[in-house]
Amino acid sequence: MNTKKLLLVLSVCIFTLLLSAGMAFASTTHTVNSGDTLWGISKAYGVSVSSIMNANGLTSTIIYPDQKLIIPTAGNQTTYTVKPGDTLWRIANKFGTTVTGIRQANNKWDDYLFVGQKLVIPGISWAPSTPSNGVTAPEMELMARVVQAEAGGEPYTGQVAVAAVILNRVESPQFPNSINGVIYEPYAFEVVSNGMIWSKYPGDTAFQATKDAVNGYDPTYGALYFWNPATVSGSNWVWTRQQTTQIGNHVFAK
């Protein structure tokens, strides 16, 4: 075999090996351990919770020990041009990545966007999707703002619980029948009344907690109210409500 033919054969072999390696690492498998959560797994592998759910056909974030999960690759970067009405959350939701990922990829640590701005979008792992259960992206963002402001320092379950209370109120005849109506009802949420809802853009955890609540996770058992017993006097009317649980620093009641 002459030199040219030998080089050609070697090139084909190398290309085949590289292709095989690429196929092998297109995804990996994770065996769920006791105490694992989708959120923790997503952080460990650098992909979003939703991408893992999509790859495995999951409809909830409940997982169990020894379960095998396909972990998709983060994907290649792309560039997105900001359009009117865009926010970091809406862009992240559109491309299946996270707000934190976009911040890191663009070294951007504020929430200000302008039309025409170019953003690097990391970790695209599935096609653009529509919000769950009829809840729009703006509604998800508004709920996540309440979660961030009311429970940003609470356990993850406590953040889901705040979002669940909002949704429970929407379903209750005692409250407005829309997410915006519930959140903007006068004096319903202190963080809305004092403007704290706008002081900090929600983190990925607040958004994921909101998604879990929208997808049906309600750790409050149908609660319509929540409060911090350390800051609410014993004579306050909320103590007359039927308590369902306490998560972190919040008591929940119907």
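Residues numbered from 1 in each chain as written. Predicted model: local features only at pLDDT ≥ 70, side-chain atom pairs only at ≥ 80, totals over all residues. Heavy atoms only, no water.

1. Notes on helix α4 (residues 88-95)
Helical geometry: 3.6 residues make up each α-helical turn, so side chains three or four residues apart lie on a common side. Among the 8 residues of α4, 6 are classified as buried, and the element is accordingly described as predominantly covered. Considered for burial, the residues of α4 that qualify are Leu88, Trp89, Ile91, Ala92, Asn93 and Phe95. Structurally, α4 contributes buried residues whose contacts are with β3 (78-81), α5 (99-106), β4 (118-121), α6 (137-151) and α10 (204-214). (Buried < 20%, exposed > 50% of the residue type's maximum accessible area, 1.4 Å probe, protein only. Helix = DSSP H or I, 4+ residues; strand = E, 2+ residues; numbered from the N terminus. Contact = heavy atoms within 4.5 Å.)

2. As for the pattern of salt bridges
Evaluated as defined, the whole model comprises 4 salt bridges. Among the salt bridges present, the one from Arg90 reaches Glu141, with a minimum N-O distance of 3.6 Å. Of the two residues, Arg90 sits in helix α4 while Glu141 sits in helix α6, which places them 51 residues apart along the sequence. Asp110 is the partner of Lys108 in a salt bridge, and the nearest nitrogen-oxygen pair spans 2.6 Å. Lys108 sits in the buried class, given a relative accessible area of 10%. Several salt bridges share partner residues, and in doing so they unite Arg90, Glu141 and Arg145 into one network. (Salt bridge = Lys/Arg side-chain N within 4 Å of Asp/Glu carboxyl O.)

3. A look at the nonpolar core
Counting residues in hydrophobic clusters, the biggest one holds 53 residues, and the most contacted among them are Ile91, Met143, Ile166, Ile179, Ile183 and Phe189. When residues of this core are assigned to their parent elements, the largest contribution, 9 residues, is made by helix α7 (residues 156-171). In this structure, Phe189 is in contact with Val146, Glu150, Ile166, Arg169, Val182, Ile183 and Phe226, ignoring residues within four places of it in sequence. Ile41, Val47, Met53 and Ile71 belong to the second largest nonpolar core, which has 10 residues in total. (Core = buried A, V, L, I, M, F, W, Y, C linked by side-chain atoms within 4.5 Å.)

4. Describing the pairing of strand β6 (residues 243-247)
As defined by bridge partners, β6 adjoins strand β7 (residues 250-253) across 4 bridges and the pair is classed as antiparallel. Directly across from Thr245, in β7, lies its bridge partner Phe252. In textbook terms, the turn of a hairpin is the stretch between consecutive antiparallel strands, and for β6 and β7 this stretch comprises 2 residues, one of which, Gly248, has a positive phi near 60°. (Pairing = 2+ DSSP bridges.)

5. Re the sheet that holds strand β5 (residues 225-227)
The strand order across the open sheet built from 3 strands is β5-β7-β6, with neighbouring strands paired in antiparallel fashion. At either margin of the open sheet sits one strand with a lone partner, and together these are β5 and β6. Recorded for the sheet is a direction-independent mean angle of 20° between the axes of neighbouring strands. The strands touched by α7 are β5, β6 and β7; relative to β7, the strand with the most contacts, the crossing angle is about 30°. (Axes fitted to C-alpha atoms, helices over the stretch in contact; angles between N-to-C directions.)

6. Quick notes on the packing of α7 against α10
Interhelical geometry of α7 versus α10 gives an angle of 50° and a closest axis separation of 8 Å. By the criterion of interaxial angle, the relationship of α7 to α10 is oblique. Where α7 crosses over α10, the handedness of that crossing is right-handed. Residue-level inspection shows Tyr156, Gln159, Val160, Ala163, Ala164 and Leu167 of α7 in contact with α10, the latter providing Thr205, Ala206, Gln208, Ala209, Thr210, Asp212, Ala213 and Val214. Split by residue class, the contact of α7 with α10 holds 9 nonpolar, 4 polar and 1 charged. (Parallel < 35°, antiparallel > 145°, perpendicular 65-115°, else oblique. Left-handed = near helix turned anticlockwise from the far one by under 90°. Nonpolar A, V, L, I, M, F, W, Y, C, P; charged D, E, K, R; others polar.)

7. Some details on α6
Taking 1.5 Å as the rise per residue, α6 with 15 residues should run 21 Å; its terminal C-alpha atoms sit 20 Å apart, in good agreement. Taken across its 15 residues, α6 has 12 buried, putting it largely inside the fold. By the burial criterion, the buried members of α6 are Ala137, Met140, Glu141, Leu142, Met143, Ala144, Arg145, Val146, Val147, Gln148, Glu150 and Ala151. (Expected span 1.5 Å × (residues − 1).)

8. Some words on the pairing of β4
Side-chain alternation along β4 places Leu119 and Ile121 on a buried face and Lys118 and Val120 on a face that remains uncovered. Across 4 bridges, β3 lies against β4 in antiparallel orientation. If you follow Thr78 over to β4, its bridge partner there is Ile121.

9. Regarding the packing of α4 against α5
The geometry of α4 relative to α5 is characterised by a closest axis approach of 8 Å and an angle of 105° between their N-to-C directions. On the basis of their axis angle, the class for α4 and α5 is roughly perpendicular. Touching Leu88, Trp89, Ile91 and Ala92 of α4 are Val99, Ile102 and Arg103, all from α5. The class makeup of the residues in the contact of α4 with α5 is 6 nonpolar, no polar and 1 charged.

10. A look at the confidence of the model for the protein chain
Here the protein chain averages 80 in pLDDT, while 80% of its residues score no lower than 70. Ignoring residues within four places in sequence, the model shows residues 7-26, a span with pLDDT below 50, making 4 contacts including any to other chains. A low-confidence stretch, residues 124-130 stays under pLDDT 50, and its non-local contacts, those more than four residues away or across chains, total 20 contacts. (pLDDT = per-residue confidence, 0-100.)

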